[in-house]
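Take a look at the letters that make up each chain.
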Amino acid sequence: MRMPPFELHLPESLDSAMTIAGELADEDCDFDWIAGGTDLLPNYKWHLNSKPHVISLAKVSELSTLEPTHIGAMVRLQALATSDSCHPLLRQTSGTIASVMIRRSGTVGGNICLDTRCFWFNQGEEWRRSIDWCIKCDCGTGADCRVISHQNELCVATYQADLAASLLALDATIHLASPDGSRSLPLAEFFQEDGITRNVLKDGEMVTHLTLPDDAEDWQGDYQKLRLRESWDFPEAGIAAAWKIDGDGNLDGLRVASTALESIPRLHQELADEAREGWAGVESVNSLAVAVQKAVKPVNNTWFPPSYRKKMVRVLTRRALAPLERVEAAN
Amino acid sequence: MSDDDEMVGYKQQPGKLPFARPGSGGSEKFSELRDESRIPESQGGTLAQPQGANRHDSLITGAAIGRRTPMVDSRWKVMGQAKYGDDIRLPGELFGRILRSPHHYARIRSIDTSAAEALPGVVAVSTGSEAPACFGVLPVTKDEHAMAQEKVRHVGDLVACVAAEDELTALEALRLIEVDYEVLDAVHDMRDGLKDAEEPIHDRGKYHIGDSNVQKRVFQEFGDISGMRDSAVATHTSDWYFAGANHGFTEPHAVAAHWEPNGRLTLYTPQQVPHYVHRALADVLDIPMHQINVYRTAVGGGFGGKSDPFPHEMCAAILARKSGRPVRITFDRDEVFYVNRGRHPSRLGMVIHADSQGRLCGMETDALLDGGAFASFGHVTTYYNGVLHTAPYEIGGFHYTGTRVWTNKPASGAMRGHGAVNSRCAVEVGIDDVCEQLSVDPIDFRLANLLPPMSRTITGFRITSIGMRECLERVRRASDWDDRFRKLPLGHGLGIGCGFFISGSALPIHWEPNKFPHATVHLKVDMDGGVTVHTGAAEIGQGSDTVVALAVAEVLGLPLDMIRIRSRESDTSPVDLGSYSSRVTFMNCNAAISAAMEIRQELLDATSMITGAPTERLVIGDRRIFSKDDPAVGVSYLEALQKAQEDRGALASSGAYRTPPMGRTHKGAAAGLAPAYSFSAYVAEVKVDVETGQTSVLKVWAAHDCGKALNPLAVEGQMIGSIHMGMGQVLSEEMRYGRSGNLLNADLLDYKIPTVHEMPEVTPIIVESNDPEGPFGAKEAGEGPLLPILPAICNAVYDAIGIRIHELPLAPALVHREIEKRCKELGIDDPLDLPSPDLEHSPLHHVLRERADEHSVRDLERKLDGERDQYHNGALFGLDATIPADEQDDSWTAVVLPDEQYLESPRLAGSAWLHVERRHQGGDA
Ligand SMILES: Cc1cc2nc3c(=O)[nH]c(=O)nc-3n(C[C@@H](O)[C@@H](O)[C@H](O)COP(=O)(O)OP(=O)(O)OC[C@H]3O[C@@H](n4cnc5c(N)ncnc54)[C@H](O)[C@@H]3O)c2cc1C
Ligand code: SF4
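Everything numeric here is computed off the predicted structure, so don't read it as measured data. (Residues numbered from 1 in each chain as written. Chains lettered and ligands numbered in written order. Predicted model: local features only at pLDDT ≥ 70, side-chain atom pairs only at ≥ 80, totals over all residues. Heavy atoms only, no water.)

### Digging into the overall build of chain B
Stated formally: Working definition: helices are DSSP H or I runs of at least four residues, strands are E runs of at least two. Numbering for both runs from the N terminus. Only protein chains enter the calculation, and the probe is 1.4 Å; a residue is then buried if its accessible area is under 20% of its type maximum, exposed if over 50%, and partly exposed in between. Only the protein chains shown count as cover for residues, and all accessible areas are computed by the Shrake-Rupley method using a 1.4 Å probe. Counting rule applied: Lys, Arg positive; Asp, Glu negative; His and chain ends not counted. By convention, the charge on Lys lies at NZ, on Arg at CZ, on Asp at CG and on Glu at CD.
Along the backbone of chain B there are 21 helices and 30 strands. Along the three orthogonal principal directions, the C-alpha set of chain B runs to about 100 × 80 × 55 Å. When each of the 925 residues of chain B is scored for burial, the buried share is 64%. A total of about 33,400 Å² of accessible surface is found on chain B, and carbon and sulfur atoms cover 50% of it. Positive and negative side-chain charges of chain B, numbering 92 and 129 respectively, have mean locations separated by a distance of 3 Å.

Rendered as structure tokens:
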């Protein structure tokens, strides 16, 4: 398996990364950012939308800060999984990602920006030729989507990264930088419901870090992941829940987010708010689980059948919320 | 030389040695005492022999066998020094790549390679027209070519190949080859393969079966067929679907071809069966075999997936010849899946009958096998799916219809447990169900229905040693079975499964077994004292080099480091059939022992000459040969060797093994014949999450009868590895074909091999039944240990949730669906309220226990009594044990063709017999 050739740029600071990005943009050269490469390189080896230039963030020192409420884009997943200073929910979640070896290379930024996946797409070049390609990598043929046919516009490839769900449940803010300046937005607004564009990143823009609200440490949570094997396998469904218990032991805040079920991860804030208002322990857990199940629409492009994944959303949500079965609503 | 005829001429001066004694280097002068605990009782030692004596007992020196021995080649591997297929580097080599078909089935109208040839850096391009000769692993079904001739038969089928200065250029060249295809109607569903087709995938001329895609069909009926249905009081019926599985070995296929300056071809390839490649190369290249040297590199796992001669091996040789330079081809993982040869996707109909005495009065199996686009080993697989479940149980009737069809998929072939795995799973699950119906314990049931040692199965296989009973008893004890089976809470279960496998196929594929040996081993012992073993047995990581070395070391009483194995090259190794059908230990060690016995005799004679002690009274200890009567009378191995080498130099010997004549004479009688069989019983403990359908295996108690563990470490390794592999097929592994017919998971992320996290805690239990013909009593441990894990897990899942699922893998979505279905049937909302099965023994339980006790005594007697009578399957049903059942009772039949009555309503695979072979169609056909 050989990658198509590309030119690698290795900036050592954020500024010089931005300069290179700006120059490439001026020359109209396509490029990709590369962090740990655990997602990008397999795709390149499969000749999936590879670019002539690649800018590596490996040496950009500003991006590796890891503090309780500040997570740099270049923080390795294994560091997150074993760190004492990061939120327990993030520690738990990152510990389920891929395998130790992949986590040692894989980064938070790469995980957030993970390319969407689809079994008609994540295949070798010859294979894709044999099905006459698909929109996401159509090699100029204008091919149809193989999952939902007769529409060659929208790609419904699945976003199968874990961290986003937990970060959404913790109400994270994402911080971006581009040659034109930087901006910040709630993580929930970062993703775009299209398997090809995936997120709001503009050409030349990158993720620098994520921050959590100051009261993050008051929130507890759980992440439930559906997959076939205990290691390696991408999530087939993921549910993160975070909650805040007040001084009286009552439920004071609740967020639930799902991932690996659609082309974006999703924060189910309205459902959670509704449930929290009249929180009644087990009953609420069950009804919220049903509501979340109804809210997601998986399609058939990952290993497990979508009907099963959807059914499991209820079980996962229930299990994630299990600690709240005996909790009451705060008034 | 006696003193009388002393040599004239140069004479050594007494007391002065101008050169060292042969092999006298090193400071270790003293040998160790013979370890009595390793010498069998029958030879005067203290090693207990509960299973009686063996013909090789007198050769035991205590030097090697039975010790936990790391593989002799392990250091090369762990130090990164072993050279696997892709580690071969040759000066001036080119990179070869293969152009593969994007269509499932298509006719090639034309191929234009001119643009590819014109690309700078491309040295040679070749297409099918340059290699028209066909080949195939079985001489009866040669249907493969180096590259497509007129048609491509599956996505990934070979169309053309390119050799270039570097890989990227080769890949670019492939893009430049223009192929004009006419797409044909493809067959994806194996059931469609049974039907007549416009254009069958292959054309076998007058032997073609109708116009269908049936490649091979088998019909067998043995025993009391109508009686078995009449006397049944419990009947299990199931329709199974088994997804196809791939071997999933670590090393992808890789080959390097080099036409040496002397005009001979050396082909470097990680092969399990180098000899068949040797033959196929000669055919395809149209050169004599002596111009080819097949060099087997280290093999990074084979499991049956590297035992066919492969088209890419031919391509490398063709490109190397054309370019005049060495050519190397290494597969990407998807290409491994395109050559496949994995376990057949199958649809299996299983019927098991038990009578009022708790006897297995009948088995009716119908197996439809999806062969993919080529025959490969399929002819044999079609037999194995039936005949390999005619033991270890004594049965009243055996009805088998098996059919293998071609479909437009990568070819299925031989994979660890070849042909026996799926049907064994169905049989053992069926027995579990029958026991459930009879309210008896499934272990008791099995113990009361076993064939004894030295017996014949219903189809005439010769069972020699059988350790099945001990296997069952030991896993029962180890797993605390009696206290836990059917008593665990919902979602937690225990299950049993057994296995039976050949220890080497008695039928060599390429020649007559009665004329040529299956294995030949040469030994050379030179002045350094070390023993060089030349064998063609292919070391594929299973430890064949080690076990052959152990056998030789044992006979000669030498430490293992004095034995070196040369098993790589066809130029220096005597022909061996290769590493398949679990034949190497049995056949190669037997041959090695014969060769070592010759050397041994020469050493004893030499010692006798030196010491004057009679040869018959001499024994071999650790590097020392001495008199039994007075251990002080003796010489070191090296002294004896020096004496033996006088006048002639290096000692050389040759040993061979061939199976004794055996079996019956019906068509297909040879399939499944083996000089010995292995047996195994496993208990698995599982947890099933009833809300998600996810199954995990917690523990496995695995007992395997390998005859004699020449290397217990290797036997345990094989058992644990087999469990991992078999478990993959039960829980997660499948070659999944999508809506378009394409293989969706030709990679190791989505071909779901269990990881270390999924691995249960395994307790390996080695059972030694001491086979009378095996080397030091050994049989096999390479494939048999895989069989029982599938049914053990399936039965444990039943114990956990009370639902039988007849489909593998037991994917969570499937299990969950079945749980939902059951909840609906029972009107239960929450799956956590499902009932879990229990067991209340019926009166039959005592009948079985008594019979099992009697049989236990019977078995030991038969094992130890050399004068025993014949025992044919059928005695349990009241027939005379000494005569084959069908020769004494008319209601017992032995037929291999369906009659008209059967054809009125055949089963699925049996319906292949509705087609008439073209040569019998009459008219002009
Ligand atoms: C076998 C295997 C199993 C896996 N299992 C899981 C799993 O269970 N769960 C899971 O979540 N993931 C899984 N992954 C995906 C794994 O690649 C990611 O989890 C990892 O975090 C990606 O990080 P990376 O640094 O390697 O990303 P890269 O490969 O370097 O980049 C991924 C994508 O993000 C972009 N990118 C990276 N950093 C930035 C940035 N700072 N700003 C903007 N864009 C950026 C890249 O351009 C690229 O498109 C698995 C991967 C493999 C190979
Ligand atoms: S969802 Fe459709 S467009 Fe997107 S990758 Fe899959 S097949 Fe292609």
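We are not done yet, so read on.
### Brief notes about the packing of aromatic side chains
Residues and elements named next belong to chain B. Worth spelling out the cut-off: Pairs were defined over the aromatic rings of Phe, Tyr and Trp, the Trp ring being its six-membered one, requiring ring centres within 6.5 Å. Orientation was assigned from the angle between planes: stacked under 30 degrees, edge-to-face over 60, tilted for the rest. Whether a charge sits over a ring depends on NZ of Lys or CZ of Arg being within 6 Å of the ring centre and within 35 degrees of the ring normal.
Taken as a whole and judged by the stated rule, the model has 21 aromatic pairs over all chains. The interplanar angle of 50° and the centroid separation of 5.0 Å between the aromatic rings of Y268 and Y295 together place this pair among those described as tilted. With Y268 in strand β10 (residues 265–269) and Y295 in strand β11 (residues 292–296), this pair connects stretches of sequence that are 27 residues apart. Between F500 and F679, the ring centres sit 5.6 Å apart and the planes meet at 50°, which makes this aromatic pair tilted. On the criterion of sequence distance, the pair formed by F500 in strand β18 (residues 492–502) and F679 in strand β26 (residues 677–689) is long-range, its members being 179 residues apart. What makes F500 buried here is its relative accessible area of 0%. For F679, a relative accessible area of 0% puts it in the buried group. Grouped by ring-pair contacts, the aromatic residues F461, F500, Y677 and F679 constitute a single cluster. One residue, R217, lies across the ring of W913, its end atom 4.3 Å from the ring centre.

### Some remarks on the interface of chain A and chain B
Applied cut-off: Working rule for contacts: check all heavy atoms of both residues, and any pair within 4.5 Å makes them a contact. The quantity reported as buried area is the accessible area (1.4 Å probe) lost by two parts once they are put together, taken as the sum for both. Should a side-chain nitrogen of Lys or Arg be within 4 Å of a carboxyl oxygen of Asp or Glu, the pair is scored as a salt bridge. Definition of a polar contact: a pair of N or O atoms within 3.5 Å, with one able to donate and the other able to accept a hydrogen when the atoms are protein atoms, and with sequence-neighbouring residues admitted only if both atoms are side-chain atoms.
Tallying the contact residues gives 37 residues for chain A and 40 residues for chain B. Between chain A and chain B the total buried area reaches about 3,300 Å² when both faces are included, carbon and sulfur atoms providing 55% of it. Looking at the side of chain A facing chain B, the largest losses of area belong to R2, R229 and W303 of chain A, adding up to 22% of the total buried there. At the surface where chain A touches chain B, the tally comes to seven salt bridges. The salt bridge involving R319 of chain A is made with D689 of chain B; its shortest N-O contact spans 2.8 Å. The interface formed by chain A and chain B includes 16 residue pairs in polar contact (both at pLDDT 80 or more). The element that contributes the greatest number of residues to the side of chain A that touches chain B is helix α11 (residues 306–321) of chain A, accounting for six residues.

### With respect to the site of ligand 1
The condition that has to hold: Throughout this document, a residue counts as near a molecule or strand when at least one of its heavy atoms sits within 4 Å of that molecule or strand.
As a matter of local geometry, ligand 1 sits amid 34 residues, with W33, G36, T38, T107 and D162 of chain A nearest to it. Chains contributing residues near ligand 1 are chains A and B. Between an oxygen atom of ligand 1 and a main-chain N or O atom of D233 of chain A, the distance comes to 3.0 Å. For ligand 1, the protein covers 95% of the area, taking 970 Å² as the surface of the free molecule. Secondary-structure elements contributing two or more residues to the shell around ligand 1 are β2 (31–34), α6 (108–112) and β8 (206–211) of chain A.

### Describing the pattern of salt bridges
In the structure shown here, the tally under the stated rule is 76 salt bridges over all chains. Across the salt bridge formed by R109 of chain B and D180 of chain B, the nearest N and O atoms sit 3.2 Å from each other. Pair noted here: R109 of chain B is in strand β2 (residues 106–112) and D180 of chain B is in strand β6 (residues 178–183), with a separation of 71 residues, a long-range link. With relative accessibility at 34%, the residue D180 of chain B sits in the partly exposed group. Linking R341 of chain B and D308 of chain B is a salt bridge whose minimum nitrogen-to-oxygen distance equals 3.1 Å. Of the two residues, R341 of chain B sits in the loop between α7 (333–339) and β13 (346–355) while D308 of chain B sits in the loop between β11 and α6 (311–323), which places them 33 residues apart along the sequence. Here R341 of chain B and D308 of chain B have matching classes, each one buried. Members of the salt-bridge network, linked through shared partners, are R2 of chain A together with R97, R100, E167, D332 and E335 of chain B.

### Structural notes on the site of ligand 2
Threshold: We call Asp, Glu, Lys and Arg charged. Ala, Val, Leu, Ile, Met, Phe, Trp, Tyr, Cys and Pro are nonpolar, and the rest, Gly among them, are polar.
The immediate surroundings of ligand 2 are formed by C118, W120, F121, C134, I135, K136, C145, R146, V147, C155, V156 and A157 of chain A. Split into classes, the residues belonging to the shell around ligand 2 amount to ten nonpolar, no polar and two charged.

### Brief notes about the environment of I239 of chain A
Checked against the element boundaries, I239 of chain A lands in strand β10 (residues 237–245). Every residue in contact with I239 of chain A, bar those within four places of it in the chain, is listed here: D222, Y223, Q224, V256, A257, S258, V292, V313, L316, T317 and A320 of chain A.

### Side note on the sheet that holds strand β3 (residues 53–56) of chain A
All names here are of chain A. Note the threshold: Pairing between two strands is assigned when DSSP locates at least 2 bridges connecting them. To get an axis, a line is fitted to the C-alpha atoms, and for a helix only the part in contact is used. The angle between two axes follows their N-to-C directions and goes from 0 to 180 degrees.
If you walk across this open sheet you meet the three strands as β1-β3-β2, and the pairing is parallel. Edge positions in the sheet fall to β1 (7–9) and β2, since each of these pairs with one other strand and no more. With direction set aside, neighbouring strand axes in the sheet form an average angle of 25°. With four bridges connecting them, β2 and β3 associate as parallel partners.

### Description of helix α3 (residues 167–176) of chain B
Residue and element names in this part refer to chain B. For α3, the complete set of buried residues consists of E167, T169, A170, L171, A173 and L174. Contacts from the buried residues of α3 go to β1 (94–100), α2 (114–118), β3 (122–127) and β5 (158–164). A distance of 3.2 Å separates the backbone nitrogen of L168 from a side-chain oxygen at the start of α3, and that oxygen is part of D166.

### So, unusual backbone geometry
Of note, the bond from A391 of chain B into P392 of chain B is cis; its omega dihedral lies within 30 degrees of zero at 5°. Of note in this structure, M454 of chain B is not a glycine but carries a positive phi near 50°.

### So, helix α15 (residues 637–645) of chain B
Residue and element names in this part refer to chain B. Put simply, the rule reads: This arc is taken over the directions from the axis of the helix to the C-beta atoms.
Looking at α15, one finds that the buried residues are Y637, A640, L641, A644 and Q645. An end-on view of α15 places all buried positions within 130° of arc, on one side of the element. Where the residues of α15 are buried, they touch β19 (519–525), β20 (531–535), α14 (584–611), β23 (624–627), β24 (634–636) and β25 (651–657). Where α15 terminates, the next one or two residues include D647, which has phi positive at roughly 75°.

### Some points on the domain arrangement of chain B
Residues and elements named next belong to chain B. We count it as follows: Each domain's extent is set by a domain assignment, obtained either automatically or from a database.
Split into domains, chain B comes out as domain 1 (41–82 + 514–657), domain 2 (91–184 + 250–301 + 306–339) and domain 3 (239–245 + 342–507 + 665–853). Distance from the C-alpha centre of domain 2 to the C-alpha centre of domain 3: 38 Å. On the side of domain 3, 22 residues touch domain 2, which itself brings 19 residues to the contact. For the pairing of domain 2 and domain 3, the buried interface totals around 1,800 Å² over both sides, and the portion due to carbon and sulfur atoms is 65%. Our enumeration of links across domain 2 and domain 3 arrives at zero salt bridges. Across the domain 2-domain 3 interface, the total number found is six residue pairs in polar contact (both at pLDDT 80 or more). Across the side of domain 2 that touches domain 3, the residue classes break down as eight nonpolar, four polar and seven charged.

### Some remarks on the sheet that holds strand β9 (residues 254–259) of chain B
Residue and element names in this part refer to chain B. A sheet is described by the order of its strands in space; here seven strands give the open sequence β3-β5-β1-β12-β9-β10-β11, paired in mixed fashion. This sheet does not close on itself; its edge strands, each paired only once, are β3 and β11. Across the sheet, the axes of successive neighbouring strands diverge by a mean angle of 20°, strand direction being ignored. Contacting β9, β10 and β11, helix α5 (residues 274–285) runs over the sheet at an angle of about 145° to β11.

### Overview of empty space enclosed by the protein
As a reminder, the rule being used: Put plainly, a pocket is an open set of points on a 1 Å grid over the protein atoms alone with protein on both sides within 12 Å along at least five of seven lines, a cavity is a set where a 1.4 Å probe fits but cannot get out, and a lining residue has an atom within 4 Å of a point. Grid points are joined across faces, edges and corners, and a volume is the space filled by probe spheres set on the points.
Throughout the structure, instances matching the rule amount to eight cavities of 30 Å³ or more. Of the voids in this model, the largest cavity is the one considered here, and its volume is about 330 Å³. Looking at the largest cavity, it is lined by 21 residues, and the ones nearest its centre are E125 and E126 of chain A together with R97, L171 and D332 of chain B. Breaking the lining of the largest cavity down by element, the ones donating at least two residues are α7 (125–130) of chain A together with β1, α3 and α7 of chain B. Residue classes in the lining of the largest cavity are distributed as eight nonpolar, two polar and eleven charged.

### Here we look at the confidence of the model for chain B
Cut-off, in case you're wondering: Confidence of the prediction at every residue is given by pLDDT, a number between 0 and 100.
Of the residues in chain B, 96% have a pLDDT of 70 or more, and the chain-wide mean is 95. Here the prediction assigns the complex a pTM of 0.97, and the interface score ipTM is 0.97.

### What about the side chain of N122 of chain A?
Residue and element names in this part refer to chain A. Checked against the element boundaries, N122 lands in the loop between α6 and α7. On the accessibility criterion, N122 (7% relative accessible area) is buried. Not counting chain neighbours up to four residues away, the residues in contact with N122 comprise N43, W46, L48, T116 and R117.

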